[in-house]
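What follows is each chain in one-letter form.
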Amino acid sequence: MKFIPQHDKMDCGPSCLAMITAYYGKAYGLQYLRDHCFISREGVSILSMNNAATKIGFKTLATQLSIEDLKNQFLPCVLHWNQNHFVVLTKISKYFFNKEKVYTIADPAHGIIRLTETEFKKSWLKNTDSGIALLLEPTEGFFQSKNIRDEKVSLQYIYQYLSPHKKQFLWLSLILLLGTLTTLAFPILTQKLIDDGVNQKNLSIITYILLAQLAFFLGNIVLGVFRNWIMLSVGSRLNIKIISEFLKKLMNLPIKFFDTKFMGDFNQRIQDHERIELFLTSQSLATLFSMITFSVFFIVLWTYDFRILVTYFILTTISVFWSLYWLRKIKSLDYFRFREKSENQGSIYEIINGISEMKLNQFEDYKRNEWEEIQQKLFKINLRILKLDQIQLSGFEFINQLKNIIVTFLAASFVVKGHMTLGALLSVSYIIGQMNSPVNQLISFFKSLQDAKLSLSRLNEVQNHPEEEQKNHLPLMNEKYTTQNGIEKGVYFKNVSFQYEGPQSPFVLKDINLFIPEGKVTAIVGASGSGKTTLMKLLLKFYEPTSGDIYFNHSNLKDISPKDLRRNCGVVMQDGYIFSDTIERNIATSDEIIDDDTLDLAVKTANIKSFIDELPLGMNTRIGASGNGISGGQKQRILIARAVYKEPNFVFFDEATSALDAENEKIIHDHLQNFFKGRTVLIIAHRLSTVKNADQIIVLKHGQIVEQGNHQSLVEKRSDYFNLVKNQLELGS
């Protein structure tokens, strides 16, 4: 079975399906399978994997089996492993000597593993009588379907980054060429030194040749200085350009892409770019000119004696193939190291950011032990890589030394027999030593190329993922939006439903029909988990509705530019983010030239002016990432000021004043009434004081609208809205 490793922490399910499709002769890309498995932040479920497998043409059965029920005719199948992972069981066999059963599994996180029955039971059954398995049988439809591969980012795509640096690379090529030519002079000078100088006892020739060698040596030092300077300059610019393009692409991806990703995944991908930059700058050109040097020395060696050349060539070829064989073995381990490094970075990030909660809840030891377990896994992977590296390097060095000894013996025997001069012997020895360096360089190039290709495979899902902003998208204020066309202006929800995790998952919103009138205040209330925040995220195009449509007047939200939509919206989310920057920049955000009058109005509306004035640096005071150093109430007021500063047409507040005390909330609420005039406002809140003056109130329950009206009419109904607010109003039962 072809082994396909998981790229990210949540990829085990799609990787298992990819391996099984490959086993039956079809190629399905990981991204395609991810999309149809509907991966969430919690991972993938048997149900979603079952749906994905059915869609691509498998007859499936998700079931619980005892270990005796597992038969080879059911394989390969997917197993639920350690209650938090998926693996493929590929074969059940027996040891030759003791006939004990051996289970071969393909673990997307660790590779192909052979386990005894005891070890297998421990991870699959977890102290129960049966384990969960997904059995798959391909149908005729599966074999008739087309391969759907992920689009690959080729090396040609990477080489485009070199084009702006053609001049520097031309100079670098010239320097390397001169370095190659100076290197070629040394064996000739060595032979002349011995044959024409030492043997002829001519001191002046010896002096001239040694001076020439010194000159060439100094020339090489100077060329090396220039080469390193150019390499550093080009390498740094390339690295900045590559990572900048990566971040630009990343920022253009839809929010849904980030739901299943962790901090460590992105950090590791940035390190992947550094490996690509190393390949482009250090390895490619150096290897090219090393091969030129090798070719010239190859011809020179031929002129001395073809038998020496043939011997050298055969042993060199053996050493190269030896190295390439073991490099392929190391390839799969690189994926595992990537995953563990990703988890390591995520763990460190969590420890640093959650230090206060850890101390409050005595969570330090548990988290430190968790980090140590990751280090143990990383150590084991590094140990496996070191083992293969040592085998590869030891074999390569042994063959190289054997080659040097055999070639030296041949040359020495030719000198003894009078077929070669002593100077030629020393020249051949020098050439052999110099030819070893390009061979080493070639092996390093292949390793760097392999690393670059592995890095490219992980970048594919970012580079080839469709961006949320498309060319055919219209601005929000387009002709369809501004034309009256006989309808009341506002936002229309028409039969809108939404699920996070595919067709079999529960509906977060179900058959929503709603009108939000333009220039009015609409409030949405409901218990936690009723779908209020999800509804707002649909309005902001963070997600697409599973079914139904949303219209801004006559403009379908699907046709509207996400950037332009959000440019016209002032939003405060529950989990709003405070950047590590000044208060002024946190409010004005993207405006390069800050409008002081608008900024003052935003600060006054959010009632945060007195707090800012008390700070020594005022508006220029830096506050920490995620709001470190300020209270929850101060954070919310800055977020409100940010929304007000945009002077938006639409205002969306999700529990925007939940962290404020009653006095501040009342002041800000009064200020906001003036700000809301003429704007379309949607407020999500639990507090009655925030919603009671709304033009209309929508009550959500279990993802459906159960009541709609103003405060007075809903209270008189004495139903869901009444029950939500009766304690605050002290209305009684």
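Our structure is the block above this text.
Let me sum up the structure you'll find in this document. What you see is a predicted model, and the numbers here were worked out from it, not measured in a lab. (Residues numbered from 1 in each chain as written. Predicted model: local features only at pLDDT ≥ 70, side-chain atom pairs only at ≥ 80, totals over all residues. Heavy atoms only, no water.)

1. Thoughts on the overall build of the protein
Here is step 1 of the chain: When you go through the protein residue by residue, the secondary structure sums to 25 helices and 18 strands.
Here is step 2 of the chain: Whereas a compact globule of 733 residues would reach a radius of gyration of roughly 27 Å, the protein reaches 34 Å, over 25% beyond that.
Here is step 3 of the chain: Across its three principal directions, the C-alpha atoms of the protein cover 120 × 70 × 55 Å.
Here is step 4 of the chain: Of all 733 residues assigned to the protein, the portion counted as buried reaches 49%.
Here is step 5 of the chain: At a minimum sequence separation of 6, the contacts of the protein that also span at least 24 residues come to 73%.
Here is step 6 of the chain: Counting only carbon and sulfur atoms, one obtains 56% of the accessible surface of the protein, whose full area is about 37,100 Å².
Here is step 7 of the chain: Counting 81 positive and 73 negative side-chain charges, the protein places the averaged centre of each group 8 Å from the other. (Helix = DSSP H or I, 4+ residues; strand = E, 2+ residues; numbered from the N terminus. Rg over C-alpha atoms; globule rule 2.2 N^0.38 Å. Buried < 20%, exposed > 50% of the residue type's maximum accessible area, 1.4 Å probe, protein only. Contact = heavy atoms within 4.5 Å. Areas by Shrake-Rupley, 256 points an atom, 1.4 Å probe, with all protein chains shown as cover. Lys, Arg positive; Asp, Glu negative; His and termini not counted. Charge placed at Lys NZ, Arg CZ, Asp CG, Glu CD.)

2. Observations concerning the packing of aromatic side chains
Here is step 1 of the chain: Summed over the entire model, instances satisfying the criterion amount to 25 aromatic pairs.
Here is step 2 of the chain: Ring pairing ties together the aromatic residues Tyr 23, Tyr 24, Tyr 28, Tyr 32, Phe 58, Phe 142 and Phe 143, which thus form one cluster.
Here is step 3 of the chain: Between the NZ or CZ atom of Lys 510 and the centre of the ring of Phe 507, over which it lies, the distance is 4.1 Å. (Phe/Tyr/Trp six-rings, centres within 6.5 Å; stacked < 30°, edge-to-face > 60°. Lys NZ or Arg CZ within 6 Å of the ring centre and 35° of its normal.)

3. Brief notes about the pattern of salt bridges
Here is step 1 of the chain: Enumeration over the complete set of coordinates arrives at 14 salt bridges.
Here is step 2 of the chain: We note a salt bridge from Lys 121 to Glu 117, for which the minimum N-O separation is 3.7 Å. Highlighted residues: Lys 121 and Glu 117, both in helix H4 (residues 117-124), separated by four residues, approximately one helical turn.
Here is step 3 of the chain: Taking relative accessible area as the criterion, Lys 121 reaches 33% and is therefore assigned partly exposed. (Salt bridge = Lys/Arg side-chain N within 4 Å of Asp/Glu carboxyl O.)

4. What about the sheet that holds strand E12 (residues 569-572)?
Here is step 1 of the chain: If you trace the six strands from one edge of the open sheet to the other, you get E12-E15-E16-E9-E17-E18, paired in mixed fashion. On the outer flanks of this sheet lie E12 and strand E18 (704-709), each paired with one strand and no other. Each strand of the sheet is rotated relative to its neighbour by a mean of 15°, with strand direction disregarded.
Here is step 2 of the chain: Inspection of the sheet shows strand E9 (residues 521-526) paired to strand E16 (residues 680-684) by four bridges, in the parallel sense. Each bridged residue has a counterpart across the sheet, and for Thr 522 the counterpart in E16 is Leu 682.
Here is step 3 of the chain: Those strands touched by helix H21 (residues 632-645) are E12 and strand E15 (650-654), and its axis lies near 175° from that of E12. (Pairing = 2+ DSSP bridges. Axes fitted to C-alpha atoms, helices over the stretch in contact; angles between N-to-C directions.)

That is the geometry; function is a separate question.
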